[in-house]
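Breakdown of the fold
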Amino acid sequence: MNMTPSDPATRAREEELTKRIAALEAKLSAIESTRAAPLKDWKTVLERGGLVMAWGLLILILGAFRPEQMFAWNSYATMLGSNAMIVVLTLALMIPLVAGDFDLSVAATMGLSSMLIGVLNVKMGLDIGPAVLLAVASGAVIGAANAFFTLYFGIHSLIVTLGSGYFVAGLILWASNSNTIAGISMDLVNVVILTRFLGVPLAFYYAAALTGVIWYVFQYTSMGRRLLFVGLGREVAKLSGVDVFRLRAGAFIASGIVAAIAGVLYTGMRGAADPSSALAFLLPAFAAAFLGSTTIYPGRFNAPGAIIAVYFLSTGIMGLNFLGVDSFVQNLFYGGGLILAVSVSQLIRGRKPMD
Amino acid sequence: MSGGGPALEVDHLTKRFGAATALDDVSLRVVRGEVHGLLGSNGSGKSTLIKTLAGFHTPEPGAALRLYGRSMPLPMTGAQAKAAGLAFVHQNLGLIPELSVAENLFMHDLTMGQDWRLNWREMRSRARSIFGDFDLNFDPSASVATLSAVERALLAIVRAYRELMEAAEDHASRPGVLILDEPTPFLPRSEVDHLFRLIRSCTGAGASVLFVSHDIEEVRAITDRATILRDGSLIDTVETAQTDHSGFVSSIVGRSLGAYEGATKIRQTAEIAAEVNGLSAPGLGPLSFQIGQGEILGLAGLIGAGAERVPGLLCGAVSGARGYLRMGERHFDLATISPKTAVAEQIAYLPADRLGQAGVGALPVGDNVAMPVLDRLFGRFGLTSRAINTYAAQLGSTAGVKPNLPELPLSALSGGNAQKALVAKWLQTKPRLLLLDEPTQGVDVGARQAIWEALDTATQVGGMAVLVASTDYDQLASLCHRVLVFADGQIRQELSGAKLTKDTIVEACFGVERAA
């Protein structure tokens, strides 16, 4: 079993052989790569663009039944605007997911942000600008609390954020006395939903811009790359000298802030704040985040995937509504669409088990 | 004692992995009521033998296995083995720490049974009576996590023995063979007694035990006879009582203790790169040693001796260290050093767990190797995949990574090529001190050579200091300027120059002191 013979003749012979093996291996891998390339590219395109193609297909199928509505720009303009806050909420959820943490409190954070605007602006007469800023700050506070309990005590994020989500839901009821607060400044409603560009409410452009920012941070900054390592190989990141603690804390706080921004859009869309409806958006956001992770950059939670997933799902619901299907279809489509789409992408990936 | 008929008979067992022969025509007999030791150093074929008996490997044709005279198929399933009277306690013990002692003891019944009304009170009292039979004092409701390492091993042995008793078809004619595969890799001398008594209670009832170990003293204390393997061949089967320590060592090492000759590596400077002062952790140290500039210092020792823990402790990857590290003007308190500080101070650490701790298998090779230098690759539009891949391809071609395609996931590379890439990941940062744990485990010969050459170059040209912990003594002898041999958490011996050969390391690991 002696691998390093000491006499020079044997050693020279071995080196010679090693070199020849290396040369052969290089040739072999060159042959393999030229042969495997076209097939692999086709599959990659299918995998990365699958959801976009499915989206197009969905529009065509629904359009076959309701062409006058499905092929009208107006339908999409409205849909893009009214689902913008789900895009933002999905982004909020996605940031800690990239770092390997769950944040179940995003929907409650969105609700609290909305309710704070209502209370500060309507009940206490604060200007809308400062009210919005305070609402966004509340998200940062919730995110910091999540980070503190998860990281300092070493509790699983699922447990911490489940608890903080409930806690915040209680705060919302307390602050609002369980009543809807209407009459929020029209300035906010104006800049969120009433002002349109190319027929689409500004809310959509805010969501798209935020998607772009998060996409850039994850894809083109070293912080984003490190966050990816923290999520996929926490130990590797730590041993490579990454400050895992700080990055995870940052992800929680960013998540809180973005969720609070979703709350601002939600309030602006409705001109009112109600104490309970925000909580219902947690599962759609999760569905979109996971669905989005099967496309554009398959296998990773990613911002472009998230926005496409949200609008894929809302297109389906819009179309089914045009067909006159009842409102329960929303749940069927979110749930069924998620499982179906992920199953298809697993088939393309060759059924490698997901984490 | 021995004297009974044969219990376990293995004949002409050969096992090849590709061109390498792991076991070469090994035949082994364990008789009734006997404790039989199986001894050998790393890579001697011990584990291959046990894994073949346990059905993980299929041996080459011609091998035969008999249990109490009855021929058994190879490989056989666990249930077949148990029914015929053969049970295993593997190195990892197969206990679930979160569950209670009683739940672990009755794991087989609980997982295979069809009970709808588990009577926990009755189960606890049954557990107590079983432990009583073996003179053990375990609390059945305690969680296994609270037991010491030795107590866990004892529990696993009792469990295997009890399952053997339950499963065996005919007690009197086949009392059972228990194979213990290094259940206590780090057994304090004071605890050998416990193990000894437990094993004797098993053999007292007629069972036989095959006790696999690398620890000569343990084998001498516990066994009646012992078989020694070296390089896949059976060297000898001896009566333990009539063999002394050095007799075992010469069988394991393969020659009598005579002259040796090692190739000497010369360092160019006498400058000290790093000085470790009073490094200690539970069961380890205090240790103090120096590493010179451009020196490759090896840490050797049997599994559990503590050598493999040192690299992780020095950079804060593993917490619980005390002591100090000095590098030039800088002093570091090892109790508070973090990997982040270490990396910032150019101390790099490459752990043994390649796809668990050293690299992320799901991410591209490019991302993996560019990890420490991301800020350098920042371009006008930020950090692009193209910049990362171009850079990684350059690095990969220097390091000889094949195929050199940075966009492939790290897990797609062979062990050797993944390791070349991960070594390059750290060498590009020009560390002052590189800490390695088993740098060439599961790495093919060509890649091993390439990694050694890369390390040699970095030490000779850049003056980098390397600390490498390994159980591959051949590697340590070829690669290192100096080797510290560990035993019981202490440095037992220092080998260098002509005294540094594979054999001297093995001897030192097994406790042979040599005069200079």
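Residues numbered from 1 in each chain as written. Chains lettered and ligands numbered in written order. Predicted model: local features only at pLDDT ≥ 70, side-chain atom pairs only at ≥ 80, totals over all residues. Heavy atoms only, no water.

As a further point, take the overall build of chain B. Regarding its fold elements, chain B presents 18 helices and 20 strands. For chain B, whose C-alpha radius of gyration is 25 Å, the value lies close to the compact-globule estimate of 24 Å for 516 residues. If one aligns the C-alpha atoms of chain B with their principal axes, the spans along those axes are about 80 × 60 × 45 Å. Taking all 516 residues of chain B together, 53% fall into the buried category. (Helix = DSSP H or I, 4+ residues; strand = E, 2+ residues; numbered from the N terminus. Rg over C-alpha atoms; globule rule 2.2 N^0.38 Å. Buried < 20%, exposed > 50% of the residue type's maximum accessible area, 1.4 Å probe, protein only.)

Turning to the side chain of N83(A), a few remarks are in order. Residue and element names in this part refer to chain A. Along the chain, the position of N83 falls in the loop between α3 (73–82) and α4 (84–98). N83 gets classed as buried once you look at its relative accessible area, which sits at 12%. At a separation of 3.1 Å, a polar atom in the side chain of N83 contacts the main-chain carbonyl oxygen of M79. Excluding residues that lie within four positions of it along the chain, N83 makes contacts with V310, Y311 and S314. (Polar contact = N/O pair within 3.5 Å; in protein donor to acceptor, adjacent residues only side chain to side chain. Contact = heavy atoms within 4.5 Å.)

Turning our eyes to something else, we now look at the pattern of salt bridges. Residues and elements named next belong to chain B. On inspection of all chains with the given rule, the structure shows 24 salt bridges over all chains. Close ionic contact of E494 with R482 constitutes a salt bridge, the shortest N to O distance being 3.2 Å. With E494 in strand β20 (residues 490–496) and R482 in strand β19 (residues 482–487), this pair connects stretches of sequence that are twelve residues apart. Shared partners join several salt bridges into a network, and the residues in it are E9, D11, R29 and R66. (Salt bridge = Lys/Arg side-chain N within 4 Å of Asp/Glu carboxyl O.)

To continue, consider the pairing of strand β12 (residues 284–292) of chain B. Residues and elements named next belong to chain B. Pairing analysis gives six bridges linking strand β11 (residues 272–281) to β12, with the strands arranged antiparallel. Bridge pairing in β12 places E275 opposite Q290. Hairpin connection of β11 to β12: two residues between the antiparallel strands, including G283 at a positive phi of 80 degrees. (Pairing = 2+ DSSP bridges.)

With that out of the way, let us pick up the confidence of the model for chain A. Residue and element names in this part refer to chain A. When pLDDT is averaged along chain A, the result is 88; 91% of the residues meet or exceed 70. At the level of individual helices and strands, chain A shows its lowest average pLDDT in helix α1 (residues 8–65), which scores 74, and its highest in helix α6 (residues 128–152), which scores 97. Scored below 50 in pLDDT, residues 1–5 shows 13 contacts in the model against residues more than four places distant or in partner chains. Note on residues 34–39: pLDDT under 50 across the span, and zero contacts to partners over four residues away in sequence or across chains. (pLDDT = per-residue confidence, 0-100.)

Residue and element names in this part refer to chain B. Read across the sheet, four strands follow the order β2-β1-β4-β5 without closing on themselves; strand pairing throughout is antiparallel. Looking at strand neighbours, the two that pair on one side only are β2 (20–31) and β5 (70–72), the edges of this open sheet. When strand polarity is set aside, the average angle formed by the axes of neighbouring strands in this sheet is 25 degrees. (Axes fitted to C-alpha atoms, helices over the stretch in contact; angles between N-to-C directions.)

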